[in-house]
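# Coordinate analysis (summary)
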Amino acid sequence: MANEWIGVIHTTAPKYLSGAADNTIRKRLVLALLKKKGRIKFNESSYQCNWDIEFKEQPVEAYGDGGTLNFSRHDLYRQLQIDWRGYKATDLMTEKERLMNDGALAIVRRYDKIMPKLMRSLNNKFCGELFTDGYASGNENRLHGLESFMGSGTTVNADRVAKPSDTYGGKSTEVGNEGGTWSTTTGVTAPNADIGTDWPDGNGDAEYDFMSPKLINYGASAAWGTSAGTWEANSERAMRQSTIWLTHGAGIEGRPDLYLLAGDLYYAYLNKQSGKQRIVIPHKGAQDLGFDDVLNQEGVMIQSDFDVPAGSGYGLNVDQLELSSLDNVLFASRGPEFDIKTDSWLFMVGFFGNARYNPKYFSKFKDYA
């Protein structure tokens, strides 16, 4: 009986988890986009997660016929490093319980309750972790989510963009931290007074902002041309500005795929559109993935997400986000294993891996001042 039961469990668990993980991906737009673009990686290795990002470009100089060219090697990359993180969901069935549920069919029914509940718990926890700050106190074993590089510095009410001020993967997100220069236009108000340059408008060297996300201060009442400091008043302009800044700083590859909004921001955005008697247009790409409730503003998807903190929203470029697993599956199962100390059968599902980003290609919406 016990051997037959273990055989059923060990055969069924991987098959169930594979289907459950696929179902999880289909139900979350971010995960569905990651899968579509091949951004979920398996069988990662090494004792830590390392990757390179381009921080600088080779210099280009004017040349006339017969001139002398200068050749030299260039240091164009910086390496980011984070460690691996993990999540586990567990359950237990005592030997007495197993004996009381004698019969193969009864045991399988009990198993059918254990695995879905374990998977549901892991699913509900995992998707929300994509927004956490993996460096915050108490988060030492949690994913490096979006908040891991969204820290801000000096920002006043008149600033359209908050000053990036964080450390991610061992590198600072502050503009100009690795050198480079940026334009400053006389008579034009800087998007952030403390930074003082035209950034994220204007132009400059690649190394100036290679690690800097765009932190959109939608509460800047005097800066958006609406004379209001609310998301409802400024949402359309703030998201349009985010799209322009992300694309302006990195070309077409910098264009965001998706704006994920907290429920309160999404509600206010809908009110803004209905107030103009505008027909809200769904996004065709999201519909093709099975998400009919995703809106479209100038080619970028807009959706609310339960896990986004209230009063906040995020701009995501899926090609610059990677979800990595140390295992050959996203969620793995272990057990049942018999524990003689407690006379029980132990079940576990879990994940080992992390998420990694190129911060320059992401934005956040918040009332920073």
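Preceding this section is the structure that the text describes.
## Observations regarding the overall build of the protein chain
Scanning the protein chain for helices and strands turns up seven helices and 16 strands. The buried share of the protein chain, reckoned over its 369 residues, is 48%. Sequence separation of at least 24 residues holds for 72% of the intrachain contacts in the protein chain that already meet a minimum separation of 6. Looking at the protein chain as shown, the accessible area adds up to about 17900 Å², and 49% of this sits on carbon and sulfur atoms.

## Here's the deal with the sheet that holds strand β5 (residues 161–162)
As summarised here, the arrangement of the seven strands in space is β5-β8-β16-β12-β9-β11-β10, forming an open sheet in which the pairing is mixed. In this open sheet, the two strands that pair with only one neighbour each are β5 and β10 (295–297). Pairing analysis gives four bridges linking strand β9 (residues 258–261) to strand β12 (residues 313–316), with the strands arranged antiparallel. Each bridged residue has a counterpart across the sheet, and for L261 the counterpart in β12 is G313.

## Some words on the layout of surface pockets
Size it by volume and the largest pocket reaches roughly 350 Å³. Around the largest pocket, the lining comprises 19 residues; the ones closest to its centre are E57, A206, G249, A250 and K360. Here the element with the most residues in the lining of the largest pocket is helix α5 (residues 231–250); it accounts for three residues. Taken together, the residues of the lining of the largest pocket sort by class into six nonpolar, six polar and seven charged.

## Re the pattern of salt bridges
Under the definition given, this model contains 17 salt bridges. A salt bridge links K163 to D194; the nearest nitrogen and oxygen atoms lie 2.7 Å apart. Here K163, found in the loop between β5 and β6 (167–168), pairs with D194, found in the loop between β7 (171–172) and β8 (214–217); they are 31 residues apart in sequence, far enough to count as distant. D194 gets classed as partly exposed once you look at its relative accessible area, which sits at 39%.

## Quick notes on the nonpolar core
In this structure, L323, Y357 and F362 are the most contacted members of the largest nonpolar core, which totals 57 residues. Looking at this core, the element that brings in the most residues is helix α4 (residues 104–128), giving seven residues. When sequence neighbours within four positions are dropped, the list of residues in contact with L323 reads L31, L34, R39, I40, K41, F126, L330, F351, N354 and A355. With 24 residues, the next largest nonpolar core counts V175, W182, A220 and L265 among its residues.

## Structural notes on the packing of aromatic side chains
Applying the stated rule across the entire model yields 17 aromatic pairs. Plain terms: the ring middles of Y259 and F365 are 5.3 Å apart, the flat faces sit at 70 degrees to each other, and that makes the pair edge-to-face. One end of the pair, Y259, is in strand β9; the other, F365, is in strand β16 (residues 363–366), with 106 residues separating them in the sequence. Side by side, Y259 and F365 carry an identical accessibility label, which is buried. An aromatic cluster of three or more residues is present, and its members are W51, F149, Y168, Y357 and F362. Lying across the ring of F55, R78 places its NZ or CZ 3.9 Å from the centre.

## Observations concerning helix α2 (residues 29–36)
Along an α-helix, residues three or four apart share an orientation, since each turn contains 3.6 residues. The buried count for α2 comes to six of eight residues, which makes it a mostly enclosed element. Where α2 is concerned, the buried positions are L29, V30, L31, A32, L33 and L34. Two residues or fewer past α2, G38 is found with a positive phi of approximately 70 degrees.

## What to know about the environment of Q81
With respect to the helices and strands, the residue Q81 is situated in strand β3 (residues 77–82). If sequence neighbours within four positions are ignored, Q81 has contacts with Q48, C49, N50, W51, Y135, G169 and G170.

About the thresholds
- Residues numbered from 1 in each chain as written.
- Predicted model: local features only at pLDDT ≥ 70, side-chain atom pairs only at ≥ 80, totals over all residues.
- Heavy atoms only, no water.
- Helix = DSSP H or I, 4+ residues; strand = E, 2+ residues; numbered from the N terminus.
- Buried < 20%, exposed > 50% of the residue type's maximum accessible area, 1.4 Å probe, protein only.
- Contact = heavy atoms within 4.5 Å.
- Areas by Shrake-Rupley, 256 points an atom, 1.4 Å probe, with all protein chains shown as cover.
- Pairing = 2+ DSSP bridges.
- 1 Å grid on protein atoms, 1.4 Å probe; cavity = no way out; pocket = protein on both sides within 12 Å on 5 of 7 lines; lining within 4 Å.
- Points joined across faces, edges and corners; volume = space filled by probe spheres on them.
- Nonpolar A, V, L, I, M, F, W, Y, C, P; charged D, E, K, R; others polar.
- Salt bridge = Lys/Arg side-chain N within 4 Å of Asp/Glu carboxyl O.
- Core = buried A, V, L, I, M, F, W, Y, C linked by side-chain atoms within 4.5 Å.
- Phe/Tyr/Trp six-rings, centres within 6.5 Å; stacked < 30°, edge-to-face > 60°.
- Lys NZ or Arg CZ within 6 Å of the ring centre and 35° of its normal.

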